Each structure stands twice: as C-alpha cells, then as structure tokens.
Amino acid sequence: MVKDLFERIQNNKGPLGKWASQAEGYFVFPKLEGELGPRMQFGGKNILNWSLNDYLGLANHPEVRQADIDAATQFGAAYPMGARMMSGHTKYHEQLENELAEFVMKPAAYLLNFGYQGMVSTIDALVTKNDIIVYDVDSHACIIDGVRLHMGKRFTYKHNDLESMEKNLQRATKMALETGGGILFITEGVFGMRGQQGKLKEIVALKEKYNFRLLVDDAHGFGTLGKTGAGAGEEQGCQDGIDVYFSTFAKSMANIGAFIAADKDIIDYLKYNLRSQMFAKALPMIQTIGSLKRLELLRNHPELKDKLWENVNALQNGLRSRNFNIGDTNTCVTPVYLEGSVPEAMVMVNDLRENYGIFLSIVIYPVIPKGIILLRMIPTTSHTLADIDETLTAFEAIREKLENGTYKEIASRTTVDLDA
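Remember, it's a predicted structure, so these values are computed and weren't measured experimentally.

Turning our eyes to something else, we now look at the environment of His159. Locating His159 in the fold gives a position in the loop between strand E6 (154-157) and helix H7 (162-179). Assessed through its relative accessible area of 16%, His159 is described here as buried. In the structure, His159 is positioned 124 residues away from Leu283 in sequence and 34 Å away in space, judged by C-alpha atoms. When sequence neighbours within four positions are dropped, the list of residues in contact with His159 reads Asp136, Val137, Asp138, Phe191, Arg194 and Gln196. A polar atom in the side chain of His159 sits 2.5 Å from the side chain of Gln196.

In structure tokens form, the structure reads like this:
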C-alpha cells in the first residue's frame, strides 16, 4: 500500500514547527498592534520595537501616507487588472522603473510584484541547464530557492571567503567549458542576519581572471548604504561591476514589491522571460504610486539616512563598549550573540518583552549553530537616543541573568528539552 503523503508531515513538523505549541503567538507569529514604528503594542502592553525593517521611517511619513491614500482613492486596490504584458501596464510603472534605474545608476529597470518570488524567477530566467551558478552558502532563502530550480550544476562557496570563491569559480569555469554554458555568480549586498556587506569590490575584481556575470541581492543595502543611498555597490565603489542589481521595496521603501536593474538588453530579455511577472497580476497602483513618493523622499532627503546612521552608530558603539559581541557587522543590521540553549533563549526573550518592554527578533538553532542565541535588531531613523539607552540598560540586565543561570533555572521548570 502506498504511504499516505501526509504521514511524514503529521509525524515531523520540521525543525522550527516542533516548537509551535510553545512558541506560536508569542515567539513566532506575534501580533504587533498600533502605528508602525518604534513604539507599538504587544499583548496589551507598550513595547519598544527593534524588529521592523522600516530603515528610513517612511512607513508613517505623512507624505507617504497621503500618497498611498490618494492612489487608493483614485484607483482602488484592484487597478490594474492583469499581468503587465497583457493588460496591467501603466505610465506609472514605467515612470517608477525609469527613476529606479537612474537612482541605482543602471540603464534600465523592471518592477517585480514581490521580492522573494522575483529573485527566484530572475535566477530561473538568467540560466539554462548548461550554465553554472556559484553562490554564497549564507544566501537568503529566495536565492536558495531560485538555485533549486536550476537544472544545471551549482557550487556554494564559504561565506564571504575569497579563497573559496576563487576555488569554486575555477571549478565552475572547468565545468562551463565542458557544457558550453556561462557562469552566474550570486551574492548579497548585505547579509541580513549577520549584517556583513558582501565583498562586492573583491568579487568584481575577480572578473579580470574569470568570465562570469554578477547578480547582487541588495535588499538591506538599498537606501541605507552609499553616498546617495544607492546601496552596497555604491558604498564600495563598484556599482558598474554589478551586472544585475536587485532590491526589494519591503525595507527602506516600506512597501511591497521589488525591482531589478541592468543593461537594457538584459532587462528587455527578462521582461519577456520572467515567469513570475508574465503570469501574475501587475503591481497595484497603490504600491506603484506610493513607491514613487518614497523614492522621491529617499533621493531628496539625505537627512533621513544621516539620522539612521546616527542611531546605528549609537546602538552598535554602545553595545561594543559594554562588551557585547555584535560580530563584524558593517551595516545597520545589529546582531547580538549570546551563549545559551533554545529554552533559555525563550525565557530571556519573554523577560525582555514582559519586564523591560523590549521587542526584537530572536534567532536560534537550527538557523544558527546550537548553543548560540542571536538577538537581531534593526535601528531606524525613527528611533531616538533615549530608546537606545533604554535598550542598552535592558541588555546588561538580561546578560547577567543568562550568565548567572537564572534563565536556565526558569527554563528547567518547563517541558522544553534543555539539551536543544
């Protein structure tokens, strides 16, 4: 008898799903309420929020809110109906693409409905089974899933490791000579978990030795890095060497959607071969017109990014001066690494939220190695120096409780396996 397809699912909820009965609604799938910003409500209490990717504070900017309202009033939520190729194309989509291309210093750009599916589809469209993909082992899930669709060979290199990059480029070159294909190299402008910039300048320099094309996911770099905010490539002085530039609207732009930018012939090809866009409804007018306003503010108000970095530096310097391990982040993403078990992490985050009013993202095994707790914070323009001081004080208190065994003792009274 054929095994029931759902038997495995019912017996094994997965490495994260196994915690659902204890975590859901609090540690995962929490319900935040109130206006988006540093001060929100969780579980009926006011909290200081470090878990929003609204880097530039545009989510509640009055001009942004008004632009969204005006677009909704004029067009509603449905407009346009249909895919861009068939009936969903407008002058506003074209305008946004032109302005985005100019902003990131590329000849052309194309809008994507969602960042995740857009990246998956872009990878799928750029390669054939004869081509070889080389990508960072710590790449975001959207890159991993895009690579999974690839029917040809792919190689991963050690995270941000130049020696490993070269070794795998050599392997890819040998393979490509056999298949008659090319090489697509994929990395990120900013790795969103640890906060490190991808080594874009060094990767671009490798083009002098190896023949490959470079695709960069700059979701966390767009709007936060570079003199004008054009991202990690501008920050490192190598934007011209990025062949296909990708970013989402879900962070600095505080919206839904994404875009890719490249030479015009590449964008023209992708327009007719990106299945996620060819067979899906166009980005709605609320998001399209709203993004035009957000991009205008990003371009014309550098003080938004300046304030962001004032807060980033205050938070990160404050953590370092108190001997917290924040790794080698060189971006806004602020990770704090502590040692402890999954149950201890749950008790600690509960303490942060209930007794200190601090809400942030917690990352635990299996996403990171067992025995490590990563508290991930996203400073924004909207935070204040008082918010940072309050958080630093709370962090000193929870570290002491973690080190003196308070959290382990509390965790031992629960049903959670302490060996996790």
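The next subject is the sheet that holds strand E2 (residues 39-42). Here we have four strands laid out as an open sheet, ordered E1-E2-E3-E12, and mixed in their pairing. The sheet terminates laterally at strand E1 (32-33) and strand E12 (358-359), the two strands that pair on one side only.

Leu100, Phe185, Phe212, Phe222 and Phe259 are the most contacted members of the largest nonpolar core, which has 54 residues in total. Each residue touching Phe185, except ones within four places of it in the same chain, is listed here: Val134, Tyr157, Met165, Leu169, Ile203, Phe212, Arg213, Leu214 and Leu215. Counting residues in each nonpolar core, the second largest holds 38 residues, with Met40, Val342, Ile358 and Ala411 among its members.

The next point concerns the pairing of strand E14 (residues 372-377). By the criterion of burial, E14 is predominantly enclosed, with five of the six residues buried. Where strand E11 (residues 334-339) meets E14, six bridges bridge the pair, whose relative direction is antiparallel. Looking at the pairing, Tyr337 lines up with Leu374 of E14. The pairing of strand E13 (residues 361-363) with E14 spans three bridges and is classified as antiparallel. Paired with Ile362 across the strands is Leu375, a residue of E14.

What counts and what doesn't
Residues numbered from 1 in each chain as written. Predicted model: local features only at pLDDT ≥ 70, side-chain atom pairs only at ≥ 80, totals over all residues. Heavy atoms only, no water. Helix = DSSP H or I, 4+ residues; strand = E, 2+ residues; numbered from the N terminus. Buried < 20%, exposed > 50% of the residue type's maximum accessible area, 1.4 Å probe, protein only. Contact = heavy atoms within 4.5 Å. Polar contact = N/O pair within 3.5 Å; in protein donor to acceptor, adjacent residues only side chain to side chain. Pairing = 2+ DSSP bridges. Core = buried A, V, L, I, M, F, W, Y, C linked by side-chain atoms within 4.5 Å.

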